[in-house]
Amino acid sequence: MTTAYRIWEMIDRSKTGPHIDEDDFLPRLFTPTLKKIIKKYEIKYDAATPLPADDAMADRIWQAGWELFRDVGVYNIDSHRIIQVTDEEIREALYVAKDRYWVGGGKDARLWKHRQVEDTEPPFCIYSPDITVDEHLHHSMCAAYLKEPLLDGFCAPILENAIGQLIASGGPTEINGCIQHIYNMRAAARQLGRPGTFFVAVGTAEHDAGQIAVSNNEWGVRTTDARLVGSLTEFKTADTLLNRSVHYAQYGCYTGSLTGPIYGGWCGGSEGVAVTLVAYSLKGLLIHGAMFNQHFPFHLNYGSNTTRELLWPIAMAGQAMARNSNLLYTSNGFANAGPMTEMLFYETACHALVSTVSGWHLWEMASTRNKYRNRATPMEARLGTEVGHAVARMGMTRETANEIALKLLDRYEDQAATAPMGRQYQECYDVARALPTQEHYDMYRRVKDDIAAMGVVFPF
Amino acid sequence: MSLEELNKLVETGETEASETAARALLAQGADPLEILDSLTKTMERVGNLFADLEIFLPEVMMAGEALTAVVNIVKPELQNTSGEPARGKVVIGVVKGDLHEIGKNIVKLMLETNGFEVKDLGYDVDPLDFIKAAEEMGADFIGASSLMTTTIPRQKEIIAFLKDKGLRDKYKVVIGGAPTSQMWADMIGADLYCEDANCAAAKMAAMLDEKTA
Ligand code: B12
């Protein structure tokens, strides 16, 4: 943990900080402050260059994000007060934050390090389908993901049922689902000979109680694992969320801060999303003592982040944080298309390429607008992380990456609104063996060859 | 001052300037009904621009605020109140156990900009609280948002409680949120399902017209 020692100061401020009505917080404070800051720092989106190489603007976006976080603070909707921090505290927290952490256990432990822009060190790759799945497919899907060679960390799909009962949010069935969730993950990891794999778990927990119920170093979520605490979009928190970060810190596991600024919402356009991403990383660090920040900015209408108005803020925020901090942060892809479509492969590749070259670690891949049960597979995540490794190993420059990103965008961008839904996991995977069907593998191979022809040199 | 200028001011969300302009127009003898009519069209345009993300949420909200301010000035001037755009009253919230409030907030905003009176119950709302609030407000609609399969059963509970209390026919129950569908609405006996905020305003207005017709 980095700033856990300040937990009680932060909690206290949520009781004593300035009061504002919840209805006023976003329209009267957050958005006007953000607009002013964007103007002051002359931040300007350029649709022609989804992956800019503009160090000066990256540094201005860092400053802007810092200022946004400091000037706005975080609203606790339960206490109706704002948690505010000072410049000195931000500087202190950034100084104390380490640039590397050991995660996972035993032979499967990994060193997760801060990356630079155009870093030749491959990104840390967390695999996650980010969706719900049928109960009988859950273990198979866990196994399928854990079979992936480039997987450094794993976040499993979410259960809607446990022992045949529909999970009711906040009730006893949720606790039951959470136990099932972590057992399936542990069983699959042990069966596949990687029992110490770093987990981010459990996504089935919709409430603090569900998370707390699975903290156990023998059979549950271990202290070498991480868990997430969400933000209420934008810049709001609640006691049920703070309960989580207090518990994670006291249990002794790692905390990840989960945030998804929305393009078209209170942050406005691409510039606002970029600045907000930076500000959210500081929020994760100072309010939740997060070891890493997990970001999923998305388009209000599409529910995706693979079009250029989202790639730009991902690129710029990544560079801003890479150049000005030693934080760890993952770029969570959200695609329009569904599994076993060429479009999904191209979208994932493009997201991974832009993110990696801009200093991010990877969290791949939510597909089909993150909306439909069973619609995600390890294959798209595989291609994304392979692209990440490739462009890092090549030391690819932002200029080259931008050119390739434009070629990739050319393959799918016009279909963002009408993207195909593809298949469900069980339609393009052999469920019993947790392996892709030949047709699925062939499609992946075809797209990979096409991307190689664009100039990406894959290590294998 | 022209009606066009007023519309421009409302569209760009300049509340104070809009108020001044509205007063000037009325002083010049402009027809209040005509003012409201043209502003309704402007708000429709604003809604369409937002649907295409040519403008963003904060801009819609500001335009909505400017509109409300103008309506408050123009309304008392209306001789014949039956000429006002008749829109309904709505209580809206996110069901119990669910913290996903973004979609609900957008629906609320679009309803407000379309002239509905909306009482927002926030998120994590108990089924009975929807009903209590509807009774207090004298609402026409109960709008329930749910983003998770683990919380959509709460939409059904609202309808069950309405029946238990003998209030089912008093309110139109409208549901929405990613895991909901027309099929789910039919299954639980909801009156209306809307897949997004834009169609919510239109369909609910149509429903109200049916009711009053
Ligand atoms: C953003 C988001 C979050 C944010 C929410 C921030 C906030 N304050 O709202 C955060 C990070 C906090 C979050 C947390 C969680 N989330 Co979440 N989240 C999402 C995500 C990606 C987008 C939702 C969204 O805001 N969309 C944008 C808005 C504009 O769209 P919309 O909500 O659909 O609303 C539109 C229409 O549906 C309609 N509409 C909506 N409501 C209503 C109501 C009426 C009356 C009408 C007429 C119309 C209408 O109009 C709206 C505007 O056009 C969805 C995935 C998805 N694609 O939906 C997952 C998703 C909803 N989350 C999910 C999960 C699992 C979680 C967590 C459990 C994760 C975790 N383990 O912590 C927690 C749950 C917390 C809780 N108890 O609620 C799952 C739910 C799975 C399930 N069981 O069904 C989803 C579906 C992702 C997935 N595929 O797995 N999440």
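Residues numbered from 1 in each chain as written. Chains lettered and ligands numbered in written order. Predicted model: local features only at pLDDT ≥ 70, side-chain atom pairs only at ≥ 80, totals over all residues. Heavy atoms only, no water.

Residue and element names in this part refer to chain A. What the rule picks out here adds up to 37 salt bridges over all chains. Notably, a salt bridge pairs R323 with D55, separated by 3.4 Å at the nearest N-O pair. Taken together, the residues span a long stretch of sequence, with R323 in helix α10 (residues 308-324) and D55 in helix α3 (residues 55-72) at a distance of 268 residues. The exposure class of R323 is partly exposed, given its relative accessible area of 36%. The partner of R186 in a salt bridge is D225, with the nearest N and O atoms 2.8 Å apart. (Salt bridge = Lys/Arg side-chain N within 4 Å of Asp/Glu carboxyl O. Helix = DSSP H or I, 4+ residues; strand = E, 2+ residues; numbered from the N terminus. Buried < 20%, exposed > 50% of the residue type's maximum accessible area, 1.4 Å probe, protein only.)

Describing an aromatic ring pair means giving the distance of the ring centres and the angle of the ring planes. Residues and elements named next belong to chain A. Enumeration according to the criterion identifies 24 aromatic pairs over all chains in this entry. Geometrically, the ring pair formed by Y45 and W312 is edge-to-face, given 5.5 Å between the ring centres and 85° between the ring planes. Taken together, the residues span a long stretch of sequence, with Y45 in the loop between α2 (22-40) and α3 and W312 in helix α10 at a distance of 267 residues. On the basis of relative accessible area, Y45 is assigned to the partly exposed category, the value being 22%. Looking at W312, the relative accessible area reads 0%, which means it is buried. Between F345 and Y444, the ring centres sit 6.3 Å apart and the planes meet at 55°, which makes this aromatic pair tilted. Of this pair, F345 sits in helix α11 (residues 342-357) while Y444 sits in helix α15 (residues 438-453), and the two are 99 residues apart along the sequence. Through successive ring pairs, a cluster of aromatic residues spans F30, F69, F235 and Y280. When the ring centre of Y444 is taken as reference, the NZ or CZ atom of R382 above it lies at 5.4 Å. Across from the ring centre of F458, 4.9 Å away, lies the NZ or CZ of K448, which sits over that ring. (Phe/Tyr/Trp six-rings, centres within 6.5 Å; stacked < 30°, edge-to-face > 60°. Lys NZ or Arg CZ within 6 Å of the ring centre and 35° of its normal.)

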